[in-house]
Each structure stands twice: as structure tokens, then as C-alpha cells.
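# Per-entry structural report
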Amino acid sequence: MAHRVVFVQGGGAGFDQEAAVRRVLTAAGVAIDYDVHCAGRTALDQGKDALPGTLFEAVRAAGVALKTKLLQPQGTVTPTAHGPKSPANYNLDFRRRLGLFASVRPVHNVAGLPSRFTGVNFLLVREITEDLYASSEHEIVPGVVQSFKIVTEAACLRFFRFTFELARKQGRKSIHCIHKANILKLADGLYLECFRKVAKDFPDIAAKDLIVDNTCMQLVSKPQQFEVMAAGNLYGDLLSDLGAGLVGGTSATAAVNHGDGVKVYESVYGAGYETISPDHANPLPLIFPAVEMLKDLGETAAATRIVKAVEAVLTEGKVRPADLGGSAGTAEFTEAVVGKL
Ligand code: IPM
Ligand code: MN
């Protein structure tokens, strides 16, 4: 039977990535019934709502969505009666409206993608409801702007419980809580305190913590020491890009965003993808989230075959997308992957 999946199409390179994923999943023998919804600026350009209610109803009903990055409207700051305010970001609003609270980003080597390291394999788990992402910044008086870092006990406890349960399910033996509690004694102090509280219920998992600056140094020196990292919204955003850079860049990445009863498999990397000409997008930043989705849908064998096929093409090195130093278009690269399936 076909799996029902909502496909959230954000436009730009997303169109090519969608075609590639459909082709690869079909070739791998997986039947998916896609319910496609356009969102973000591309939906606006089509005269529709950027984030229509029907989209969220569909995602909640299906429980599973695959999403490309949503393009933002032109312009960065909007004037209000109280002075300039930075606008909402569609991708963040999307997370908020679905109550997505944790973004799991697997960081591991992919054969055929050059990396300075071997044996990297950790999960970066990022809290995605609060921190500096919770409120939009605003100008108080000209020359003075303000943004708030929000940390709540309830969100932290839920996030860490989720992270420990995930680590246990995956047989991972340690979690590093990443913080800056030496300076942000209240905000990151509360965060760390919640981590320690939850850790007591998981004696089988070593609960470690590390300040975020040292984490960066450790990551670029000896990334193999990490199994799971639990980070707040902003540090998690930075560390997930750092992690991607450790294992070959945006091609090696995926994000699985969790809410109550919903999972959104998201392509989040690749700034400037909206400027890529048609049929030139690298499809891997959406293929890897789709692979994560297949694992959760019970299609593990197909997921493994797709990864092996991608790795075979990358290792051969004859057909590569432009951002990996080659000249293959999206369709050409996709057909090379399909050829290995
Ligand atoms: C990510 C992205 C997003 C973020 C953007 C697209 C809003 O960079 O998920 O890592 O900053 O959270
Ligand atoms: Mn990011």
C-alpha cells in the first residue's frame, strides 16, 4: 500500500529536488501517495496564502511531511507603529504552527563526499521552539535594538526527555548538553539544570555537558567523540552547519523535526538555492531527509539501497552536481543514482 505523505513545496530549487526524490523513491520500489502543497513566497506568487490552514490540517492528518526550504518574501524589515521590526520567517512559522519542538540532524560520513575525518557519527538534536528564535527582534529607539532569549523549564524538560529517549532507542551511550552557562547563568543555567534533572531517569546514558565555544573546537579536532549533542535553538543552528561541514557540506544533511503526532523531514540547508537555474539543484539535501522518512515508514531496505546508490555515484565521481565540483544537472545526477539502484 502507498504511504501517504504531505509534500511541502517551497519553490526554487525545491521543484527540481521534488522531481528527483519522486524518481528515486519510485525506482527504489517505494509507493508514495504525495499530497503536494505549495507554501512560502512561491505560494504568494501564485496568489495563494504563504502558509494556508489547509496545509497544516493535511500535515496533522497524515502525520508525515517532506518539505523543501520555503523562500522568503523580498525585504527584510517592516515598519510598525513601534518602529522597525524584523519580519516572520515562513520556515519558522511553519515549525511554530505545527508545534515542532526538536530537530534531529544526523551528522555522519557519506562515502564519496570528501571529508577531513572518518568515523563521524553523531546526532545533533536541536530545540526549535524558543531561545533567540522565540521572539522577533525590534528597535526600541533609533540605535538600540532588542531581541529576547527565552528559556522555559517546560520546553527544556520535554526536549531533553525526547533526546534521552531517542538516544536510548538508537543505542547511543552518551549525550552532550551544549550550553554557555558559565556566562548566561540564568538562561543556559536553567537549560543545563533541566538536562541534569532528566538525565537522572536515564542512568544507562552518560550525561555530559560542554560549553559551546569549546564544543566548536572539539568538533573540528575530534568529532568522533560525540554520539548525541543536545543544543538550544541558536547554538544548534550553528553547530548543525558546522557538523555538515565536517562530513562534506550541505549534500550530507537531513533534518527530522518532531512534534506531537507529526514528523517533518526537511531540507534546511543551501542558502541561495532560489538563485540556482532550473535543473541544476543538488537533490541530495532532500534525498537524505527522504531516506530518514523511509526508515521511519518501515522501508529500511529501500532506504539502505538509496544511500548505497548515492554513495556509488559519488565515489565513482563521474557525475556530480555543480556544488560538488561537477557539471551534472539535477536530472542527470538523479538518473545516475537510479542507474545504481
Ligand atoms: C535551519 C535553517 C533555518 C533556521 C532557517 C531556514 C530559518 O537555517 O533549519 O537550520 O535558522 O532554523
Ligand atoms: Mn541552519
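Cut-offs used in this document
- Residues numbered from 1 in each chain as written.
- Chains lettered and ligands numbered in written order.
- Predicted model: local features only at pLDDT ≥ 70, side-chain atom pairs only at ≥ 80, totals over all residues.
- Helix = DSSP H or I, 4+ residues; strand = E, 2+ residues; numbered from the N terminus.
- Buried ≥ 20, exposed ≤ 12 C-beta atoms within 10 Å, placed from the backbone.
- Contact = placed C-beta atoms within 7 Å.
- Near = placed C-beta within 6 Å.
- Nonpolar A, V, L, I, M, F, W, Y, C, P; charged D, E, K, R; others polar.
- Pairing = 2+ DSSP bridges.
- pLDDT = per-residue confidence, 0-100.
- Axes fitted to C-alpha atoms, helices over the stretch in contact; angles between N-to-C directions.
- Parallel < 35°, antiparallel > 145°, perpendicular 65-115°, else oblique.
- Left-handed = near helix turned anticlockwise from the far one by under 90°.
- Domains from an automatic or database assignment.

Along the chain, the regular secondary structure elements total 11 helices and 12 strands. Dimensions of the chain, computed from the C-alpha atoms along their principal axes, are close to 55 × 50 × 40 Å. With 341 residues in all, the chain has 44% of them scored as buried. A sequence separation of at least 24 residues applies to 74% of the contacts in the chain between residues at least 6 apart.

Attention now moves to the site of ligand 1. Near ligand 1 you find Lys69, Asn89, Asn91, Leu92, Asp237, Ser240 and Val268, and these make up its full shell. Listed by contribution, the elements that provide at least two residues to the shell around ligand 1 are helix 4 (90-98) and helix 8 (233-246). Considering only residue class, the shell around ligand 1 consists of 2 nonpolar, 3 polar and 2 charged.

A few words now on the pairing of strand 4 (residues 102-108). When you tally the buried positions in strand 4, you get 6 out of 7 residues, the bulk of the element. Inspection of the sheet shows strand 4 paired to strand 5 (residues 121-127) by 7 bridges, in the antiparallel sense. The residue of strand 5 that forms the bridge with Val107 is Phe122. Where strand 4 lies against strand 11 (residues 255-259), 3 bridges are found, and the strand directions are antiparallel. Opposite Ala102, over in strand 11, you have His258 as the bridge partner.

Not every positive phi belongs to a glycine, and Asp131 is a case in point at roughly 70 degrees. Accessibility expressed as a C-beta count within 10 Å gives 24 for Asp131, which makes it buried. Its identity as a non-glycine residue notwithstanding, Asp279 has a phi of 65 degrees, on the positive side. For Asp279, the location among the structural elements is in the loop between strand 12 (262-266) and helix 9 (284-296). Classification of Asp279 as partly exposed rests on a count of 17 C-beta atoms within 10 Å.

Moving on to the environment of Thr26. Position of Thr26 relative to the elements: it lies in helix 1 (residues 13-27). Distance in space between the C-alpha atoms of Thr26 and Val338 is 9.4 Å, their sequence separation being 312 residues.

Before going further, it helps to examine the confidence of the model for the chain. Looking at the chain, pLDDT values average 94 and 97% of them are 70 or higher. Confidence metrics for the complex model read pTM 0.96 and ipTM 0.99.

With respect to the element layout, Tyr133 can be found in the loop between strand 5 and strand 6 (138-141). Expressed as a C-alpha distance, the spacing of Tyr133 and Lys48, which sit 85 residues apart in the sequence, is 26 Å. With sequence-adjacent residues up to four places away left out, Tyr133 is seen in contact with Leu92, Asn233 and Leu234.

Packing of helix 9 against helix 10 (residues 300-316) leaves a shortest axis separation of 7 Å and a crossing angle of 155 degrees. Considering the angle they form, helix 9 stands roughly antiparallel to helix 10. Judged by the twist between their axes, the crossing of helix 9 over helix 10 is left-handed. Facing Leu284, Ile287, Val291, Leu294 and Lys295 of helix 9, the residues of helix 10 in contact are Thr300, Ala302, Ala303, Ile306, Val307 and Val310. Looking at the contact of helix 9 with helix 10 residue by residue, the class counts come to 9 nonpolar, 1 polar and 1 charged.

With that settled, consider the sheet that holds strand 11. Spatial strand order, 2-1-3-12-11-4-5-10-8-9: 10 strands in an open sheet with mixed pairing. The open sheet has two edge strands with one neighbour each: strand 2 (32-38) and strand 9 (206-211). In this sheet, neighbouring strand axes are inclined to one another by 25 degrees on average, regardless of whether the strands run parallel or antiparallel. Each of strand 3 (64-67), strand 11 and strand 12 is contacted by helix 9, which is oriented at about 150 degrees to strand 12, the strand it contacts most.

Attention now goes to the domain arrangement of the chain. Its domain assignment divides the chain into domain 1 (1-88 + 258-341) and domain 2 (116-246). Listed as interface residues are 8 residues of domain 1 and, on the opposing side, 6 residues of domain 2. Residue composition of the side of domain 1 that touches domain 2, by class: 3 nonpolar, 4 polar and 1 charged.

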